[in-house]
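Coordinates in review
Read off the chains here:
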Amino acid sequence: MAGEYVHIEPSWNMLLDLEETPVLGLIQINGRLTFDQTKNINFRAKHIFVRAGELIIGNATHPYEKEGRITLHGEKDSKAIVFDNAIEAGNKLIANVGLVQMYGKPRTKESQMTRLTKSTAKGDTTINVAPGLDWVQGDLVGILPTSYNQLASDEGEISAYDAATGIATLTAPLKYYHFG
Amino acid sequence: MRGEVILLSRNIKISGEDIESWGAQFVTSDTTEFDVVNDSIITRFGKTMIDNVEFKNCSQIDTQKAAIRFENAQGKWSSVTNSAFHHGYGWGINVKTSANLHFANNNIFFFGPIGVSIGGGAKNITFDGNVVAHIQKRTTVEAGDMF
């Protein structure tokens, strides 16, 4: 139920297979909570406290391949949690004094950070980058500044990427010039 | 030098509900608890292994509560790799009185006023191949129709 306090007991080995949970209150994990590898999951809560247990999403040899989300809810004045007098934990958080393991679908190193192969101008909707990247429609990219203005960066959503030519089309025009 | 283009999307997303510039946060720590039943002290050691995860709208403005924070986490080693941290109103990464951490090939984009802070007794931290960009000053903005 929404807002509910959930305690995963030490002996429990729970598989989360709900596509979308209600917005739970505090989840305290003292056992093991694992995302089902075969489902898209949106885990919604105000606080997640991994105390004597484990929160597992994929592992090094079998990364999670679906769309997994943890959405934390709350606002500045929401109730805070305290688990140690020396640490200001606060609210809207995942606090971990146990084990949290999250392995997402690997993206190639070249795809994570590439460079422009051709300069772009303000208003352009395409960028030229390296071919053969694993970018897909809907990916978000940040195009970093090449001028003296450190904030002259752009961000864009990929609407198409041609792996043969390295031309990526963005959903919105660029705001700044970028050297390439 | 040719402009860098960094990928911000991953299939595992941790995000805060977008409200009042108040994002989510992830903190790893060690802690001690008093075991009343056995009349003893239990120490818990936080360990975080993150790879290819996206953090969006995480970090809390005007606090040191970064998108990801290690505070007094010394007992075990942790690793944050190949992940993207973007669009937070506060700090990106904060490491404080912590040890044995590995950060590699992460993209940290659009935070302020601090992208990455490693200090306050941190030791044995490796920070390799990460990109940190678009770190804004703390500014005052017009409220507009916010109120």
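Structure first, text after, so check above.
This section reports on the structure supplied with the text. (Residues numbered from 1 in each chain as written. Chains lettered and ligands numbered in written order. Predicted model: local features only at pLDDT ≥ 70, side-chain atom pairs only at ≥ 80, totals over all residues.)

1. Let's talk about the overall build of chain A
The criterion, for reference: Numbering of helices and strands runs from the N terminus, with a helix taken as a DSSP run of H or I at least four residues long and a strand as a DSSP run of E at least two residues long. We take the radius of gyration over the C-alpha atoms and set the globule estimate at 2.2 Å times the residue count to the 0.38 power. Exposure in this text rests on C-beta crowding, where 20 or more other C-beta atoms within 10 Å of a residue's own make it buried, 12 or fewer make it exposed, and counts in between make it partly exposed. The C-beta atoms are placed from the backbone. By definition, residue pairs are in contact when their C-beta atoms, positioned from the backbone, come within 7 Å.
For chain A, the count of helices and strands is 1 helix and 14 strands. Radius of gyration (C-alpha) of chain A: 21 Å, far over the 16 Å computed for a compact globule of 180 residues. For chain A, the spread of C-alpha atoms along the three principal axes comes to 55 × 35 × 30 Å. Taking all 180 residues of chain A together, the buried fraction comes to 37%. Here the analysis covers contacts within chain A between residues at least 6 apart in sequence; of these, 46% occur between residues at least 24 apart.

2. A short note on the overall build of chain B
If you tally the helices and strands in chain B, you get 0 helices and 16 strands. By principal-axis analysis of the C-alpha atoms, chain B measures approximately 55 × 45 × 30 Å. A burial count over chain B gives 50% of its 147 residues as buried.

3. Examining the interface of chain A and chain B
Applied cut-off: Side-chain classes follow a simple rule in which Ala, Val, Leu, Ile, Met, Phe, Trp, Tyr, Cys and Pro form the nonpolar group, Asp, Glu, Lys and Arg form the charged group, and the remainder, Gly included, forms the polar group. Being paired, for any two strands, means DSSP has found at least two bridges between them.
Contact with chain A, which involves 58 residues of that partner, is made by 49 residues of chain B. Put simply, the parts of the chain that give the side of chain A that touches chain B at least two residues each are β7 (68-72), β8 (93-96), β9 (99-103), α1 (109-112), β10 (113-115) and β12 (140-143) of chain A. Grouping the constituent residues of the side of chain A that touches chain B by class yields 29 nonpolar, 16 polar and 13 charged. Sheet topology note: the β7(A)/strand β2 (residues 12-16) of chain B ladder contains 5 bridges and is parallel.

4. Remarks on the sheet that holds β9(A)
Consider a sheet: its strands pair through backbone hydrogen bonds, and that pairing is either parallel or antiparallel. This is how the line gets drawn: Axes here refer to lines fitted to C-alpha atoms; in helices the fit is confined to the stretch in contact. Angles between the N-to-C directions go from 0 to 180 degrees.
Across the sheet, which stays open at both edges, the 8 strands sit in the order β2(A)-β4(A)-β6(A)-β9(A)-β6(B)-β9(B)-β12(B)-β15(B) with parallel pairing between neighbours. Each edge of the open sheet carries a strand with a single partner, namely β2 (13-16) of chain A together with β15 (123-128) of chain B. Taken over all neighbouring pairs, the strand axes of this sheet differ in orientation by 10° on average, direction set aside. The pairing of strand β4 (residues 32-35) of chain A with strand β6 (residues 54-57) of chain A spans 3 bridges and is classified as parallel.

5. What about the sheet that holds β10(A)?
Strand order in the open sheet formed by 6 strands is β10(A)-β1(B)-β12(A)-β13(A)-β14(A)-β11(A), and the pairing between neighbours is antiparallel. Across the chains shown, the open sheet's two edge strands, defined by having one partner strand only, are β10 and β11 (126-128) of chain A. Sheet twist, expressed as the average angle between the axes of neighbouring strands with direction ignored, equals 40°. Examined bridge by bridge, β12(A) and strand β13 (residues 154-162) of chain A share 4 bridges and lie antiparallel to one another. Its bridge partner being in β13(A), L140(A) is matched across the sheet by E157(A).

6. A closer look at unusual backbone geometry
For the peptide bond that leads from G112(B) to P113(B), omega is -5°, which places it in the cis range. Within the secondary structure layout, P113(B) lies in the loop between β13 (107-111) and β14 (116-119). Positive phi, close to 55°, is recorded for K92(A), a residue that is not glycine. Along the polypeptide, K92(A) turns up in the loop between β7 and β8. Of note, the phi angle at N100(B) is positive, near 60°, even though the residue is not glycine. Its place among the elements puts N100(B) in strand β12 (residues 99-104). Here N100(B) falls in the partly exposed class, since 18 other C-beta atoms lie within 10 Å of it.

7. Focus: the environment of G46(B)
If you trace the backbone, G46(B) turns up in the loop between β5 (40-45) and β6 (47-51). Spatially, the C-alpha atom of G46(B) lies 8.4 Å from that of S78(B), the residues being 32 residues apart in sequence. Apart from the residues lying within four places of it in its own chain, the contact partners of G46(B) are N96(A), V97(A), G98(A), T28(B), S29(B), D30(B) and A73(B).

8. Considering the pairing of β12(A)
Note: β12(A) against strand β1 (residues 4-7) of chain B, 3 bridges, orientation antiparallel. Each bridged residue has a counterpart across the sheet, and for V141(A) the counterpart in β1(B) is L7(B).

9. Some words on the environment of G74(A)
In this structure, G74(A) sits in the loop between β7 and β8. In this structure, the C-alpha to C-alpha distance between G74(A) and H47(A), residues 27 residues apart in sequence, is 8.8 Å.

10. Some thoughts on the nonpolar core
Basically, it comes down to this: In this usage, the nonpolar core is the set of buried Ala, Val, Leu, Ile, Met, Phe, Trp, Tyr and Cys residues whose C-beta atoms join them within 7 Å. Domain boundaries shown here were taken from an automatic or database domain assignment.
In terms of nonpolar packing, the biggest core is built from 71 residues, with V50(A), L93(A), F26(B), A67(B) and I68(B) touching the most fellow members. Among the elements that make up this core, the one with the highest residue count is strand β5 (residues 41-50) of chain A (6 residues). Inspection of this core shows a minimum of three residues originating in each of domain 1 (6-102) and domain 2 (109-170) of chain A.

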